[in-house]
Amino acid sequence: MKQPEISTFRPRLRVLNEEQAWAIHHAALEILENTGFVMEHPQVRSMLLAAGCRSDGDARVLMPAHLVEAALKSAPLQITLFDQQGRRTMPLVNGNFYFGTGSDTIFTIDLETGERRRTVLQDTGNFARLVDGLDNMDFSMSMGNPADAPIEDIYVHVFAEMVKSSNKPICFIADSGKDIAKIYDIACLVAGGEDELARRPFILNYSEAISPLRFPNNVMEKLVFCARKRIPICLPSGCNAGGGGPVTLAGAMALGIAENLVGLTIHQLTNQGAPFLFAPNVSVLDMRHTVVSYGCTEWSLTQAALADMRDMVYHLPIWSFAGATDAKTVDAQAGAEGMLSIITAMLSRCNFIHDVGYIESGHTSSLEMLTLADELVAMSRYFVDGLRIDDDTLALDVIDRVARNGNSGAIFIGDSHTFKHFKTALFNPELSDRSRFENWEATGSKEMRQRCNEKAREILTDHQVTPKSNAVLDGIDAILVGEGKLCN
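In this text, all values refer to a predicted model and were calculated from it rather than measured experimentally.

Rules used throughout
- Residues numbered from 1 in each chain as written.
- Predicted model: local features only at pLDDT ≥ 70, side-chain atom pairs only at ≥ 80, totals over all residues.
- Heavy atoms only, no water.
- Salt bridge = Lys/Arg side-chain N within 4 Å of Asp/Glu carboxyl O.
- Buried < 20%, exposed > 50% of the residue type's maximum accessible area, 1.4 Å probe, protein only.
- Helix = DSSP H or I, 4+ residues; strand = E, 2+ residues; numbered from the N terminus.
- 1 Å grid on protein atoms, 1.4 Å probe; cavity = no way out; pocket = protein on both sides within 12 Å on 5 of 7 lines; lining within 4 Å.
- Points joined across faces, edges and corners; volume = space filled by probe spheres on them.
- Nonpolar A, V, L, I, M, F, W, Y, C, P; charged D, E, K, R; others polar.
- Phe/Tyr/Trp six-rings, centres within 6.5 Å; stacked < 30°, edge-to-face > 60°.
- Lys NZ or Arg CZ within 6 Å of the ring centre and 35° of its normal.

(A) Quick peek at the pattern of salt bridges. Inspection of every chain in the model, using the stated rule, returns 20 salt bridges. A salt bridge links Asp83 to Arg87, with the nearest nitrogen and oxygen atoms 2.7 Å apart. For Asp83, a relative accessible area of 7% translates into the label buried. The exposure class of Arg87 is partly exposed, given its relative accessible area of 47%. Between Glu112 and Arg457 there is a salt bridge, with its nearest N and O atoms 3.2 Å apart. Of the two residues, Glu112 is situated in the loop between β7 (107–109) and β8 (116–118) and Arg457 in helix α17 (residues 448–462); the sequence distance between them amounts to 345 residues.

Laid out in structure tokens, this is it:
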């Protein structure tokens, strides 16, 4: 008898109830109304006061809840990113999740020597190229502040390097309104003009306020620029528990959300309906070593809680992290911490998930860690897709056929049903070694780090990135030397 159609349940992680979610939200609103924030940008400060904020006796800006509520209503519920060839690849909405790298590391692990050394511009290109060739990575970030790029335009040079080395979407960093304008010019060249970039954006800006509750002039320059140009932007908080925020996770979340709500409100007052990625960011300051932990359980817990608040309160796409570690090399600690953050980010249905490939608490990048994380994402994706139940997967006819013909040598491994489905029904790892000991020993007794190293080298050698046109490349070079025409 044919089974009725059965919907597939896909597992989800939830860590807050509605009462908890609304309590944190109301705490964030109370922070804005009673404690307020420091706004260093004079024009933005004037705009806020004209819109209904007030200044207290210490020159702090106090924000009423109704401005926040208006901003939440006007911000779009979906942000769609395209690749650099104009194809729709990342609709940030509902439970869709996408993974990519991080930025601004000072060191990297050399793929050839294993040495921890300063990053150079070629490293940014290598990471972008590797992302372009990995099936489970969706976007690039710079993964370094290269020592050989001019410091005053370092973010322009790393952006240009990513554009030349990949065609996937890019999350970029800028320092101020000056360099973000140059980055925008390069993006316009790639997209084919301002109108095309607005219609099919492949860029998203990452910026940060300073916790607690301080908004520098250069940060506001970038926020206003992105709002006016409708460039998607996120403004994560730096309120790591015990460092930039209270040591208790609930207090740190309330502070981080308050800082994000300031950014969102300014963004929407500047240009109502411009795309804004909600991005509170709560890790912890390790009290023994005074480093912000990238492998801690707390960050996975708070990002799951923030995903709950997206579903119950904010309804905006959210920023997250995963695939990073505090380990100093790709070892058992790296695998454990990387997998914890990846599976929880995915089960929480966070949307834009960055920092994949970080080691050493975000100070160092690793092509090997990125390669390992790509497989961990694939493993986790198989899990969260759930179990499909229908006539074909229940395989009653197969069970009957094999069971009745066992005396004749029938076995499941030789059945046509197995031949039809074995490549897709089961997860087939590429890097994890399931071979027998003798085979593993005969092929070099390679540990996971060695296998990741070999795969990364193979992709960097063999993967072909569709090149940009000479006109685009010449235009980028002109912008880098200060001779390019500004789109704005």
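(B) Looking closely at empty space enclosed by the protein. Overall, the coordinates contain 1 cavity of 30 Å³ or more when judged by the stated rule. Take the lining of the largest cavity: its biggest share by element is 4 residues, from helix α10 (residues 297–314). The residue inventory of the lining of the largest cavity, partitioned by class, reads 6 nonpolar, 4 polar and no charged.

(C) Representation of the packing of aromatic side chains in the model. In this structure the tally under the stated criterion is 14 aromatic pairs. Between the aromatic rings of Phe159 and Phe172, the centroid separation amounts to 5.8 Å while the plane-to-plane angle is 70 degrees, which identifies the pairing as edge-to-face. Here Phe159, found in helix α5 (residues 154–165), pairs with Phe172, found in strand β9 (residues 170–173); they are 13 residues apart in sequence, far enough to count as distant. Residue classification places Phe159 among the buried positions, given a relative accessible area of 0%. Between Tyr294 and Trp299, the ring centres sit 5.1 Å apart and the planes meet at 65 degrees, which makes this aromatic pair edge-to-face. Take Trp299: its relative accessible area is 4%, and that puts it in the buried class. A connected cluster of aromatic rings, assembled from ring pairs, spans Phe139, Tyr206, Trp319 and Phe352. The aromatic ring of Phe107 is capped on one face by Arg116, whose charged end is 3.7 Å from the ring centroid.

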